[in-house]
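Remarks on the overall topology
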Amino acid sequence: NAGVTQTPKFRVLKTGQSMTLLCAQDMNHEYMYWYRQDPGMGLRLIHYSVGEGTTAKGEVPDGYNVSRLKKQNFLLGLESAAPSQTSVYFCASSYGRTATYEQYFGPGTRLTVT
Amino acid sequence: DQQVKQNSPSLSVQEGRISILNCDYTNSMFDYFLWYKKYPAEGPTFLISISSIKDKNEDGRFTVFLNKSAKHLSLHIVPSQPGDSAVYFCAAIIQGGSEKLVFGKGMKLTVNP
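Residues numbered from 1 in each chain as written. Chains lettered and ligands numbered in written order. Predicted model: local features only at pLDDT ≥ 70, side-chain atom pairs only at ≥ 80, totals over all residues. Heavy atoms only, no water.

1. Quick notes on the overall build of chain A
So the rule is basically this: Secondary structure elements are defined from DSSP: runs of H or I of at least 4 residues count as helices, runs of E of at least 2 residues count as strands, and each element is numbered from the N terminus. The reference for a compact globule is 2.2 Å times residues^0.38; the radius of gyration itself is calculated from the C-alpha atoms. Here's how the labels work: a residue is buried when its accessible area is under 20% of the maximum for its type, exposed when over 50%, partly exposed in between, all with a 1.4 Å probe on protein chains only. The Shrake-Rupley method, run with a 1.4 Å probe sphere, supplies the accessible areas, and residue values consider only the shown protein chains as cover. All tallies of charge rest on Lys and Arg as positive and Asp and Glu as negative; His and the ends of each chain are not included. Where a charge lies is defined by one atom per residue type: Lys uses NZ, Arg uses CZ, Asp uses CG and Glu uses CD.
The helix and strand tally for chain A stands at zero helices and eleven strands. The order of α-helices and β-strands along chain A, N terminus first, is β-β-β-β-β-β-β-β-β-β-β. Over its C-alpha trace chain A gives a radius of gyration of 13 Å, about what one expects of a compact globule, namely 13 Å for 114 residues. In terms of overall dimensions, chain A has a C-alpha envelope of 40 × 30 × 25 Å along the principal axes. The burial tally for chain A puts 51% of its 114 residues in the buried class. When the accessible surface of chain A is totalled, it reaches about 5,400 Å², and 52% of it is carbon and sulfur. Both charge centroids of chain A, one from 11 positive and one from 8 negative side chains, sit 6 Å from each other.

2. Quick word on the nonpolar core
Put simply, the rule is: Buried Ala, Val, Leu, Ile, Met, Phe, Trp, Tyr and Cys residues form a nonpolar core when they are joined through side-chain atoms within 4.5 Å. By definition, residues are in contact when any of their heavy atoms lie within 4.5 Å.
By size, the foremost hydrophobic cluster in this structure holds 24 residues, and its most contacted members are B:Leu21, B:Phe33, B:Trp35, B:Leu73, B:Leu75 and B:Tyr88. Here the element with the most residues in this core is strand 9 (residues 86–93) of chain B; it accounts for four residues. Among all residues touching B:Leu75, those that are not within four sequence positions of it are B:Ser19, B:Ile20, B:Leu21, B:Trp35, B:Leu47, B:Ile48, B:Phe62, B:Thr63 and B:Tyr88. A:Val4, A:Met19, A:Leu21 and A:Cys91 belong to the second largest nonpolar core, which has 20 residues in total.

3. Brief notes about the pairing of strand 4 (residues 32–38) of chain B
Residues and elements named next belong to chain B. Where we set the bar: Two strands are counted as paired when DSSP detects at least two bridges linking them.
Of all seven residues in strand 4, seven are buried; the element is thus mostly enclosed. Burial of the side chains of strand 4 extends over both faces: Tyr-32, Leu-34, Tyr-36 and Lys-38 are buried on one face and Phe-33, Trp-35 and Lys-37 on the other. Relative to strand 5 (residues 45–51), strand 4 runs antiparallel, the two being bridged by six bridges. Paired with Lys-37 across the two strands is Thr-45, which belongs to strand 5. The antiparallel pairing of strand 4 with strand 5 creates a hairpin that spans six residues between the two strands, and Ala-41 there sits at a positive phi of about 65°. Of the pairings in the sheet, the one linking strand 4 to strand 9 comprises seven bridges and is antiparallel in character. By the bridge assignment, Tyr-32 is partnered in strand 9 with Ile-93.

4. A look at the sheet that holds strand 1 (residues 4–7) of chain A
Residues and elements named next belong to chain A. Quick reminder of the rule: Axis angles are defined between N-to-C directions and span 0 to 180 degrees, where every axis is a line fitted to C-alpha atoms and, for a helix, only to the segment in contact.
Read from one edge of the open sheet, four strands run 1-3-8-7, paired in antiparallel fashion. Of all strands in the sheet, those with a lone pairing partner are strand 1 and strand 7 (65–67), marking the two edges. Within this sheet the neighbouring strands show an average axis-to-axis angle of 20°, counted without direction. Taken together, the four bridges between strand 1 and strand 3 (residues 19–25) define a ladder with antiparallel strand orientation. Bridge pairing in strand 3 links Gln-6 to Cys-23.

5. Structural notes on the sheet that holds strand 7 (residues 62–67) of chain B
Residue and element names in this part refer to chain B. Spatially, five strands are ordered 1-3-8-7-6 in an open sheet, and the strand pairing comes out antiparallel. The open sheet has two edge strands with one neighbour each: strand 1 (4–5) and strand 6 (56–59). Bridging between strand 1 and strand 3 (residues 19–25) involves two bridges; their strand directions are antiparallel. Its bridge partner being in strand 3, Val-4 is matched across the sheet by Tyr-25.

6. A few points about the packing of aromatic side chains
Rules: Between 30 and 60 degrees the pair is tilted, below 30 it is stacked and above 60 it is edge-to-face, where a pair is any two Phe, Tyr or Trp rings, Trp via its six-membered ring, whose centres lie within 6.5 Å.
A full pass over the atoms with the stated rule returns 13 aromatic pairs over all chains. Ring geometry for B:Tyr36 and B:Phe46: centres 6.0 Å apart, planes at 75°, overall edge-to-face. Separated by ten residues along the polypeptide, B:Tyr36 in strand 4 and B:Phe46 in strand 5 bring together distant segments of the chain. Classification of B:Tyr36 by relative accessible area gives buried; the value is 0%. Ring pairing ties together the aromatic residues A:Tyr33, A:Tyr35, A:Tyr48, A:Phe105, B:Tyr36, B:Phe46, B:Phe89 and B:Phe103, which thus form one cluster.

Structural data, given as structure tokens:
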């Protein structure tokens, strides 16, 4: 099992450009999440999904969109990148409504917006 | 307003000694808590968790203590090893809620050989 994978690992964008980050999991998890990690800020939830075809806003959703067309994939889109979106992005997945609430994280995507 | 707080950004200990990482929370509705460990250039990995019905949970060298009245939990690592050097995140969740973990800002632990 690959677990949670993220594509790409690194990306540099110019302000105003768009891009999509792909997250894939092979654990048949219902729930998937996108976080961003900034220095001194911890992990902040951007958007999440509780099942195929569903999405919901997290703590910092502005400037991002997401889609969950297939259960195993969760896409994060930036329509018009801004320097404030320079960050490390982590995708996570979980079984959802279990006794442990454990989330499994991908290796991260480092995005720089110039 | 930060609901999960890790007030010390870093901790340095000697190999073989105890590491104590602290976490405070403000939302009394939180009833399940997790610790994650993160190495550089990797995603966080789950370490240990505790439900609010317990005050202690142990897994090998790792023990988490929960003090509900003080809204405080701590992670004890005994004995500490150089491989434990990482950033540790405390997280909390309301069971039966929206399945959203709330993370603290993290604490960097350095274990010196």
